[in-house]
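Residue strings, one per chain:
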Amino acid sequence: MKIFQQSFKFLAFLVLVFLSTSIYAKSATEGGGQVDTKKEVEDYILHHIQDSHDFSLFSYTNDAGVRKHVGFPLPVILWTSNGLVTFMSSEFHHNDDGSVIVEKGGLKFAKIHSKIYELEQGATTVNFDADHHATNAHKVLDFSITKSVFGILVIGLLMLFWFTRLASQYKKKQIPTGFGRVLEPLVLYVRDEISRPNIGEKHYRKFTGYLLTVFFFIWILNLAGLTPLGFNVTGQLAVTACLAIFTLIIYTVSGNKDYWMHIFWMPGVPILIRPVLAIIELAGALIIKPFSLLVRLFANISAGHIVLMSLIAIMFTLKESLGVVGATGLSFVLSFFILLIELLVAFLQAYIFTMLSALFIGMAVAEHDHDHEHDATGHEIPDAEDVRGDFI
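In every chain, residue numbers begin from 1 and rise along the written sequence. Only residues with pLDDT of at least 70 get local features here, since the model is predicted, and only at 80 or more are side-chain atom pairs given and counted; chain-wide, interface and lining totals rely on the full set of residues. Values reported for side chains reflect all heavy atoms of the structure, with hydrogen atoms and water molecules removed beforehand.

Asks: Could you give an account of the overall build of the chain, naming the residues involved and the relevant values?
Replies: Secondary structure follows DSSP: runs of H or I at least 4 residues long count as helices, runs of E at least 2 residues long count as strands, and numbering of each begins at the N terminus. Within the chain, the secondary structure is distributed over 11 helices and 11 strands. Three exposure classes are used, based on accessible area relative to the maximum for each residue type with a 1.4 Å probe and protein chains only: buried under 20%, partly exposed in between, and exposed over 50%. The burial tally for the chain puts 41% of its 392 residues in the buried class. For the chain, the accessible surface area stands at approximately 21800 Å², while carbon and sulfur atoms represent 66% of it. Accessible surface area values rest on a Shrake-Rupley calculation with a 1.4 Å probe, where residue burial reflects the displayed protein chains alone.

Asks: Explain the sheet that holds strand 4 (residues 83–88) residue by residue, including any values.
Replies: Taking strand neighbours across the sheet as the criterion, the 3 strands line up as 4-3-9 in an open arrangement whose pairing is antiparallel. The open sheet has two edge strands with one neighbour each: strand 4 and strand 9 (141–142). By the bridge criterion, 2 bridges tie strand 3 (residues 75–80) to strand 9 in an arrangement that is antiparallel. The residue of strand 9 that forms the bridge with L78 is D142. Strand pairing requires that DSSP identify at least two bridges connecting the strands.

Asks: I'd like a description of the packing of aromatic side chains, backed by residues and values.
Replies: Only centres within 6.5 Å qualify two rings of Phe, Tyr or Trp (six-membered ring in Trp) as a pair; their planes then separate them into stacked at under 30 degrees, edge-to-face at over 60, and tilted for everything else. Overall, the coordinates contain 17 aromatic pairs when judged by the stated rule. Relative to F347, the ring of W219 lies with its centre 6.3 Å away and its plane at 85°, an arrangement referred to as edge-to-face. Residue W219 is found in helix 5 (residues 204–224), and its partner F347 is found in helix 10 (residues 319–365); the two are separated by 128 residues along the sequence. Following the ring pairs from residue to residue traces out a cluster consisting of F163, F215, F216, W219 and F347.

Asks: So what's going on with the pattern of salt bridges? Which residues, and what values?
Replies: In a structure, side chains of opposite charge can pair up when their charged atoms sit close to one another. A pairing counts as a salt bridge when a side-chain nitrogen of Lys or Arg comes within 4 Å of a carboxyl oxygen of Asp or Glu. Inspection of every chain in the model, using the stated rule, returns 5 salt bridges. Salt-bridge contacts for D192 lead to R196; the nearest nitrogen and oxygen are separated by 3.7 Å. Of this pair, D192 and R196 both sit in helix 4 (residues 180–199), 4 residues apart, which is roughly one turn of the helix. Between R196 and E201 there is a salt bridge, with the nearest N and O atoms lying 3.4 Å from each other. Overall, R196 belongs to the partly exposed group, its relative accessible area being 27%. Each of the salt bridges in this network shares a partner with another, and the network as a whole consists of R191, D192, R196 and E201.

Asks: Can you tell me about the pairing of strand 6 (residues 107–112), naming the residues and giving the values?
Replies: Across the 6 residues of strand 6, 5 count as buried, placing the element largely inside the fold. Pairing of strand 5 (residues 102–104) with strand 6, which is carried by 3 bridges, proceeds in the antiparallel orientation. Following the sheet pairing, V102 is matched in strand 6 by F109. Hairpin connection, strand 5 to strand 6: the antiparallel pair is bridged by 2 residues, and G105 has positive phi, about 60°. Pairing of strand 6 with strand 7 (residues 115–119) involves 4 bridges; the strand directions are antiparallel. Counted as the bridge partner of A110 is Y117 from strand 7. Two successive antiparallel strands, strand 6 and strand 7, enclose a turn made up of 2 residues, where H113 displays a positive phi of approximately 55°.

Asks: Can you break down the nonpolar core residue by residue, with the values?
Replies: The term nonpolar core refers to a set of buried residues drawn from Ala, Val, Leu, Ile, Met, Phe, Trp, Tyr and Cys, joined through side-chain atoms within 4.5 Å. Counting 49 residues, the largest nonpolar core has I199, F216, F217, I218, Y251, F353 and I361 as its most contacted members. When contributions to this core are tallied by element, the ones reaching two or more residues are helix 3 (147–171), helix 4, helix 5, helix 6 (237–254), helix 7 (257–264), helix 8 (274–312) and helix 10. With 14 residues, helix 5 is the largest single contributor of residues to this core. It only takes one pair of heavy atoms within 4.5 Å for two residues to be counted as in contact. Discounting residues that sit within four places of it in the chain, Y251 has contacts with Y259, A285, K289, P290, F360, I361 and A364. One finds F87, L107, I116 and V140 within the second-largest nonpolar core, a separate group that totals 10 residues.

Asks: Describe the environment of R181, listing the residues and the values that go with them.
Replies: Mapped onto the elements, R181 comes out in helix 4. Polar contacts, as used here, are pairs of N or O atoms within 3.5 Å; protein pairs need one atom able to donate a hydrogen and one able to accept it. Residues neighboring in sequence count only if both atoms are side-chain atoms. Polar side-chain contacts of R181 include one of 3.1 Å to the backbone oxygen of P176.

Asks: So what about the packing of helix 5 against helix 10? Which residues, and what values?
Replies: Helix-helix packing is described using two parameters, namely the angle between the two axes and the distance between the axes. The N-to-C vectors of helix 5 and helix 10 enclose an angle of 160°; their axes lie 8 Å apart at closest approach. For the element pair helix 5 / helix 10, the angle class is roughly antiparallel. Remark: the crossing between helix 5 and helix 10 carries right-handed chirality. Contacts from F207, Y210, L211, V214, F215, I218, W219, N222 and L223 in helix 5 reach L343, A346, F347, Q349, A350, Y351, F353, T354, S357, A358, I361 and V365 in helix 10. When residues are sorted by character, Ala, Val, Leu, Ile, Met, Phe, Trp, Tyr, Cys and Pro go into the nonpolar class, Asp, Glu, Lys and Arg into the charged class, and all the rest, Gly among them, into the polar class. Across the contact of helix 5 with helix 10, the residue classes tally to 17 nonpolar, 4 polar and no charged. Angles run from 0 to 180 degrees between N-to-C directions of axes, and those axes are lines fitted to C-alpha atoms, restricted for helices to the stretch in contact. By the definition adopted for this analysis, an angle is roughly parallel if under 35 degrees, roughly antiparallel if over 145, roughly perpendicular if from 65 to 115, and oblique otherwise. Here is the rule for handedness: rotate from the far helix to the near one, and if that takes an anticlockwise turn smaller than a right angle the crossing is left-handed, while a clockwise turn gives right-handed.

What follows is the structure in structure tokens.
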């Protein structure tokens, strides 16, 4: 019975994942939404991985030739020339080329390439120049609940619920039950294999909460991005930049005297070289480290989605040369193996971001003025703090 349940869950997972394949093909091949050329495929994929103001699961064309979208709208929150304006994204009717004008609060708005513009007074339509830039409209401050924001809120609430239950079970001195059994080994792994060895026994407890939050936040969102829900939160540069800035703030604020001494006045090197090293070290701490964090996560996740969508597109881009069965079978096989790799990448990227964050924090809090143990000959024995300190 247990084997049957596991097999059923695995089969349901495959159906859920490859439902996106049929959705992609249906929306791309039926009338009103054909995607046949290489350029159209590229535009479709780039549009799929971008953020949007509505949550669309899939689209289809009915018998009357009318394009239908299945999903739900999200709140649009704008700060305009007349102050705050709010309405639902359904007002745009899924239009993204600026042809649909929404009138709210005495102002007119249009959505162009997922950006909302406010039209000038008296304008009724959007005028474009040769480069397709709006000439009679300007962007507004957009605080809308987009698809990525919605995903962040949902995953954040789920994490809060799961870990609150796990903490309450620990308070009652119970062995974790339910989903807590899945979370517990991962929590211990982050604590014992990432936080403790990289930050040190003295300080690791202070930062483990942040590292756990970052690890599970990235990992769960990466997994959600592989489902037909269309989440691509960790593939948004703003999200990865925000996570990198959090790490930057933590290790900058937590840096001790030794850390800043090694940055601004490196000991053990000629005095004339120290100002040059100070510039290099400062740039590394404030620019290079956070930049490496945000770009690595953003680039790997976005590339994975692009590759997977490109393989799914094989079923209709090569249907004339391979036939429907051949193109679909090739697309299914290649997509399946790439999906397995993406499952590994989803965990790996969460691990790498958390590991590097722990390493950067460990460098900032490493201490060098404590007493050392000595061997039989009287020489000092270097410990983990010294190793991290030397690495700086």
